[in-house]
Amino acid sequence: MILFLTGDAVRDLTSGHAVRDLEVAVHGNALKLKKQIEKLGGNVWGESESSKTLYLCFPGTVRVDVVSTHRMDYTKIDKPVYHAASIQEDLRRRDFTVNAMAISLNEGSFGLLMDPLNGAADIEARALRLVSNYGFLEEPSLLIRATRYIARLSWELDPKTQTRYENAKGEGVIDRISAEAQSRELEQIGHEDDGLKVLRALESEGWMKVLFPAWTSAKADEEKLKALHELAVELQMQGVHPDMSAAQMQLLTAKMGAKELAALKKQLLRPGFVEEWNSLDAIAAKFAKVLLSKEKSTASAGFKLFTSYDPEAVLWLGFTSKDKAVQERYNQFLKVWPEARQRTPHVLMQEMRITPELSTYKEIVHAIFLELIDGKLTTPEEMRAFLEPHSPPAPPPQITIKRPRAKRGEAKVKERAFDEDEDADDALDEDGDLDDLGGDDDEIDLGISIPKGDLDLEPEGGEDAEADHADDDLDSDSESDEPASGKRGSKGGAAPKAGKGAQASAKTAASTSKAKVVPTPVSGKPADAPVIKGKSPISKKDDKRVETATAGASGVKPPQGLQASVLRAPAAKTPPAGKSKAPAAKPVPGKLVQVTKAKKPVAKVAPVRAKTLVKKVTKPTPVKGKTAKAKPVAKSAKKKAAPVKKAKPAAKKGKKR
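Bear in mind that the values here come from a model prediction, so they are computed numbers and not experimental data. (Residues numbered from 1 in each chain as written. Predicted model: local features only at pLDDT ≥ 70, side-chain atom pairs only at ≥ 80, totals over all residues. Heavy atoms only, no water.)

So, the overall build of the chain
Logical step 1: Assigned secondary structure in the chain consists of 25 helices and eleven strands.
Logical step 2: Counting across all 657 residues of the chain, residues that qualify as buried make up 43%.
Logical step 3: Of the contacts formed within the chain by residues at least 6 apart in sequence, a portion of 72% connects residues at least 24 apart.
Logical step 4: Of the accessible surface of the chain, which amounts to about 36800 Å², a share of 53% is contributed by carbon and sulfur atoms. (Helix = DSSP H or I, 4+ residues; strand = E, 2+ residues; numbered from the N terminus. Buried < 20%, exposed > 50% of the residue type's maximum accessible area, 1.4 Å probe, protein only. Contact = heavy atoms within 4.5 Å. Areas by Shrake-Rupley, 256 points an atom, 1.4 Å probe, with all protein chains shown as cover.)

This is the structure we're talking about:
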């Protein structure tokens, strides 16, 4: 059969309220399922021939109503006619939109929510809206149901429904309520979580005069009702979940006369519920007898009995019993035994790999709890011995594969070599025609810029101080991180001998006929430094030094007059270990750069140094496409430079690109 979960259960699931009972709608006649349900352990509390409905109770006091899907025609207000229909039509004949929803229980669509009247929006708005505009007129019991929902859920009627409610109440529509609806609403008071609150709400609206005039809130025992609810909460905290409906009905009618009480029980909808109400004292006495037996004398046995017995009997015995032995057992169950849970060895269980991820974790914890309340497992050794069979085996050791670590020196050498190859390729793409470079002796491009304020025309101390200053510069350069440097010459400016590295570099450069070697920019300065034009602050002899430095890459010894920071060739080979390599400035088109056609290391040129009057050279700000003119040096600077012999030209001249 096609099944759907409908009614209050869907509303409570959607709104987050506690589900008290279930309603299942089936396509077909639900009464045909009676015998099969009884064989499967279900207890039939009642049935309705007109609506073809079964009222069931399953173990654990789970109330289930099995309803046949139908629609109703109201030819007469008090006697509707029922017709079999689909689930869509059944939902449209419901009372309020929040109850006109269904969840499929069929294979292929299990869990599908059907909401044709947008009841979910009304649940979100916490509003009760009629499905039909004539709902209160066709079914007057909806007036009582609306009041009960407002008292239980604290929701409100939407404006239109409120207007219809007031109109129906004023017209006295409630007098036409059917007997079946009257029985249902009377019994539903006992099934509410707070029956006394609902009873007072119905009484204030005047509906109890229609349902059962003898039943008022004054006939209830309010103090005992509070104590009953407190006991029910304590039992729920220990894992016992009783249904308070029968016990609550007993206290709601505690001050009612015997005849009135009998008449009320006769008018209720489900006879099975009345039987449970009448059997409260009997089931409580039976439970007391079992609880005080010798077989259940131990704490663990008593705890198992409390959690496995009929919860309604446990609730009613704990509420009504005056026996001290029974009260002592209840005190142990509710107060004493729960304290043993704090002694659960969670740390030891963690060490023994007993974690919540295990499927049997809850059972192990419960077994430890039962041992603790019996006074066992008092020492860590006993606790470890008890947990040993439940401890899972240790995981296998993790295999770690050690990978050889590459040498840092080799990686750096490869990286630097790769960078130098890239610089050489960039130089090939950006260099110009070297044969066109040059000019008069009065105009030369040294690749440096002397900002204003950095020139000292007359150094303090005269010529001796200047010579000492030059010597200090040579000493500091000799300790720098240059890959190869010549020996410091005397104050007279004699040319030093190039080191072995410089000689080897010169030979390599001479053997490479295709290479063109030109001076590079100042170390630490950008390649596009401005050119000094006009009158050169350096003498013609200094110009010859520049030519000598340019030819040094072809095998001629460079002079010792010019400063190493002015003319320096980039190192083509990896610097020796322990020394860092200065970053090479990237050449810019139109400037003097070093060009090699083959990817071979460029020859090194031994650094040369000249006596200059520059104390500090700051890094100029390069402007693309423009050059800045440096401030000319005083004529007295020409006398300071040492004479240098003109170097021989290079062996071969490179080809034009």
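Focus: the packing of aromatic side chains
Logical step 1: Under the criterion given, the structure shown has 13 aromatic pairs.
Logical step 2: Between the aromatic rings of tyrosine 165 and tryptophan 207, the centroid separation amounts to 6.3 Å while the plane-to-plane angle is 90°, which identifies the pairing as edge-to-face. Here tryptophan 207 lies in the loop between helix H9 (195-205) and helix H10 (208-211) and tyrosine 165 lies in helix H7 (residues 159-171), a separation of 42 residues in the sequence.
Logical step 3: Owing to a relative accessible area of 5%, tyrosine 165 belongs among the buried residues under this scheme.
Logical step 4: Seen from their ring centres, phenylalanine 303 and phenylalanine 333 are 5.5 Å apart, and the 50° between their planes marks the pair as tilted. With phenylalanine 303 in helix H16 (residues 299-308) and phenylalanine 333 in helix H18 (residues 324-336), this pair connects stretches of sequence that are 30 residues apart.
Logical step 5: In this structure an aromatic cluster arises from ring pairing among Phe287, Phe303, Phe306, Tyr309, Tyr330, Phe333, Trp337 and Phe369.
Logical step 6: Its guanidinium or amino end placed over the ring of tyrosine 149, arginine 11 lies 4.9 Å from that ring's centre, counting from NZ or CZ.
Logical step 7: The side chain of arginine 341 reaches across the aromatic face of phenylalanine 369, ending 4.0 Å from its centre. (Phe/Tyr/Trp six-rings, centres within 6.5 Å; stacked < 30°, edge-to-face > 60°. Lys NZ or Arg CZ within 6 Å of the ring centre and 35° of its normal.)

Thoughts on the confidence of the model for the chain
Logical step 1: In the predicted model, the chain carries a mean pLDDT of 75, and 61% of its residues have values of at least 70.
Logical step 2: Across residues 432-585 the pLDDT falls below 50, and counting only partners more than four positions away or on other chains, this stretch makes 262 contacts in the model.
Logical step 3: The low-confidence segment residues 649-655, where pLDDT is below 50, has eleven contacts with residues more than four positions distant or belonging to other chains. (pLDDT = per-residue confidence, 0-100.)

Here's the deal with the nonpolar core
Logical step 1: Core analysis: the biggest nonpolar cluster contains 96 residues, and Trp215, Phe287 and Leu387 have the highest contact counts within it.
Logical step 2: When residues in this core are grouped by element, the largest group, eight residues, is from helix H20 (residues 361-373).
Logical step 3: Excluding residues that lie within four positions of it along the chain, leucine 387 makes contacts with Pro345, Leu348, Met349, Met352, Ile354, Ile364 and Ile368. (Core = buried A, V, L, I, M, F, W, Y, C linked by side-chain atoms within 4.5 Å.)

Some remarks on H16
Logical step 1: Most of H16 is tucked away: seven of the ten residues are buried.
Logical step 2: The complete set of buried residues in H16 reads Ala299, Ser300, Ala301, Gly302, Phe303, Leu305 and Phe306.
Logical step 3: Of the surrounding elements, those touching the buried residues of H16 are helix H15 (280-291), helix H17 (311-320), H18 and H20.

Examining the sheet that holds strand E1 (residues 3-6)
Logical step 1: An order of E3-E4-E5-E2-E1-E8-E9 is seen for the seven strands of this open sheet, with the pairing classed as mixed. In the strand order of this sheet, the two ends are held by strand E3 (43-48) and strand E9 (113-114), each with one partner.
Logical step 2: Where E1 lies against strand E2 (residues 22-26), four bridges are found, and the strand directions are antiparallel. Its bridge partner lying in E2, phenylalanine 4 is registered against alanine 25.
Logical step 3: Against the sheet, helix H1 (residues 8-15) touches E1, E2, strand E8 (102-104) and E9, its axis set at about 60° to E1. (Pairing = 2+ DSSP bridges. Axes fitted to C-alpha atoms, helices over the stretch in contact; angles between N-to-C directions.)

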